[in-house]
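# Tertiary structure, described
Here are the chains, one letter per residue:
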Amino acid sequence: MTRRKLIAGNWKMHGRRADLAWAANLTGLLGAAPRSDILVCPPATLLPLMSERLPDFVATGGQDCAAELEGAHTGDISPLMLADMGARYVITGHSERRHGHGESDAVVRAKTMAALNAGLTPVVCVGETLDQRRSGEAETVVLRQMLASVPEAAAGRVIIAYEPVWAIGTGMHASPEDAEAMHRAIRNAWRDGDGEQVRILYGGSVKPSNAADFLSRQEIDGALVGGASLDAESFASIIRAAG
Ligand code: PGA
């Protein structure tokens with residue numbers, strides 16, 4: 001089974017209008033469409049402007065969405081609204097949402113369902129903390145999160161991002177072997193038995209100097225890149241590392 005690679009950038013709470021030159025820079029650096037799928041998730045305020053400035057082969061996505069499609073939810077952004085602004089994907093369950101905003105697996109699942117209902121492809125994040133890894137619970141925690149956060153029968157419609165919490169924004173990263181082992185465990189545990197077709201990204205301090213180590217691995221179908229996606233040159237070099 002060949003799964004197309006996806007290189008995704010997550011800008012988090014960075015980026016204002018002045019940073020939109022990134023789009024032209026990236027397009028210039030890439031030249032033609034690369035072999036992998038490319039995605040950038042800017043802050044919601046930049047989504048429409050970014051979507052307009054990028055060529056078709058670079059998709060845009062949201063970083064989070066509401067669990068409902070419409071209604072009295074002050075401050076929330078519906079996945080339908082993201083789609084309306086050109087988004088094709090949305091990240092759900094990022095650890096900064098799970099830990100910083102207390103989002104449970106049930107909330108992540110509802111958001112993921114809403115995203116699917118809005119026609120978006122959710123990128124569902126899972127990952128263990130350092131304590132959980134040290135105490136040997138990493139796999140149990142990640143599989144529990146995955147099974148509880150992904151709606152049933154969603155194989156082929158969701159992407160998983162394995163992001164160890166301790167590796168996000170810290171400069172520390174999982175070894176490619178540990179990441180591969182976790183990706184394999186996720187596939188084996190996939191509830192409808194379709195694990196082989198699920199694209200699983202690794203995230204956590206991916207940068208130009210280590211991207212090829214991850215992206216050359218059989219089990220690793222791409223990367224979710226935070227800090228290094230803010231610079232067009234380093235993001236382009238990670239994309240090139242995907243082959
Ligand atoms: P990082 O973030 O690449 O800056 O570690 C990854 C993420 O949070 O998606």
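This structure is a prediction, so every number in the text was calculated from the model and none was measured.

### Points about the sheet that holds strand 1 (residues 6-10)
Ordered in space as 1-2-3-4-5-6-7-8, the eight strands form a closed barrel in which the pairing is parallel. If you compare each strand with its neighbour and ignore which way they point, the axes differ by 25° on average. By the bridge criterion, four bridges tie strand 5 (residues 121-126) to strand 6 (residues 159-162) in an arrangement that is parallel. When the sheet's bridge partners are listed, C125 is paired in strand 6 with A161. Running at roughly 150° to strand 5, helix 7 (residues 138-149) makes contact with strand 5 and strand 6 of the sheet.

### Observations regarding the pattern of salt bridges
Per the counting criterion, the structure on display carries 17 salt bridges. Note that E103 is salt-bridged to R97, the shortest N-O span being 3.1 Å. E103 gets classed as buried once you look at its relative accessible area, which sits at 9%. Where E180 meets R217, a salt bridge forms, and the shortest distance between an N and an O atom there is 3.7 Å. With E180 in helix 8 (residues 176-189) and R217 in the loop between helix 9 (208-215) and strand 8 (222-225), this residue pair connects regions lying 37 residues apart in the sequence. Look at the salt bridges and you will find they share partners, linking R3, R184, R187, E196, E219 and D221 into a network.

### Re the layout of surface pockets
Size it by volume and the largest pocket reaches roughly 510 Å³. In this structure, the largest pocket is lined by 20 residues; those nearest its centre are P43, A44, Q63, D64 and R97. Taken together, the residues that form the lining of the largest pocket break down as eight nonpolar, six polar and six charged.

### Some thoughts on the site of the ligand
In the vicinity of the ligand there are 13 residues, among which K12, H94, E163, G169 and S205 approach most closely. One nitrogen or oxygen atom from the main chain of S205 is found 2.8 Å from an oxygen atom belonging to the ligand. One nitrogen or oxygen atom from the main chain of G226 is found 2.8 Å from an oxygen atom belonging to the ligand. Considering the ligand on its own, with 280 Å² of exposed area, one finds that the protein chains cover 95% of that surface.

### Focus on the environment of A236
Tracing the backbone shows A236 in helix 10 (residues 232-241). Remark: the alpha-carbon pair of A236 and P34, spanning 202 residues in sequence, is separated by 10.0 Å.

### Considering empty space enclosed by the protein
According to the stated counting rule, one finds one cavity of 30 Å³ or more in the structure shown. In this structure, the largest cavity occupies an estimated 50 Å³ of space. In terms of lining residues, the largest cavity is bounded by G93, H94, S95, R98, H99, C125, V126, G127, Q145, E163, V165 and I168. Going through the elements one at a time, helix 4 (95-98) and strand 5 are the ones with two or more residues in the lining of the largest cavity.

### Some points on helix 9
Since one α-helical turn is 3.6 residues long, residues separated by three or four positions face the same way. Within the span of helix 9, buried status applies to N210, A211, F214 and L215. Axial view of helix 9: buried residues confined to an arc of 135°, hence all on one face. Contacts from the buried residues of helix 9 go to strand 1, helix 8, strand 7 (199-203), strand 8 and helix 10.

### Here's the deal with the nonpolar core
W22, L26, I160, I186, W190 and Y202 are the most contacted members of the largest nonpolar core, which totals 52 residues. Examining the composition of this core, we find that five residues originate from one element, helix 10, more than from any other. Core analysis: the second largest hydrophobic core is formed by 13 residues, A59, I159, L201 and L224 among them.

Procedures and definitions
Residues numbered from 1 in each chain as written. Predicted model: local features only at pLDDT ≥ 70, side-chain atom pairs only at ≥ 80, totals over all residues. Heavy atoms only, no water. Pairing = 2+ DSSP bridges. Helix = DSSP H or I, 4+ residues; strand = E, 2+ residues; numbered from the N terminus. Axes fitted to C-alpha atoms, helices over the stretch in contact; angles between N-to-C directions. Contact = heavy atoms within 4.5 Å. Salt bridge = Lys/Arg side-chain N within 4 Å of Asp/Glu carboxyl O. Buried < 20%, exposed > 50% of the residue type's maximum accessible area, 1.4 Å probe, protein only. 1 Å grid on protein atoms, 1.4 Å probe; cavity = no way out; pocket = protein on both sides within 12 Å on 5 of 7 lines; lining within 4 Å. Points joined across faces, edges and corners; volume = space filled by probe spheres on them. Nonpolar A, V, L, I, M, F, W, Y, C, P; charged D, E, K, R; others polar. Near = heavy atom within 4 Å. Polar contact = N/O pair within 3.5 Å; in protein donor to acceptor, adjacent residues only side chain to side chain. Areas by Shrake-Rupley, 256 points an atom, 1.4 Å probe, with all protein chains shown as cover. Arc of directions from axis to C-beta. Core = buried A, V, L, I, M, F, W, Y, C linked by side-chain atoms within 4.5 Å.

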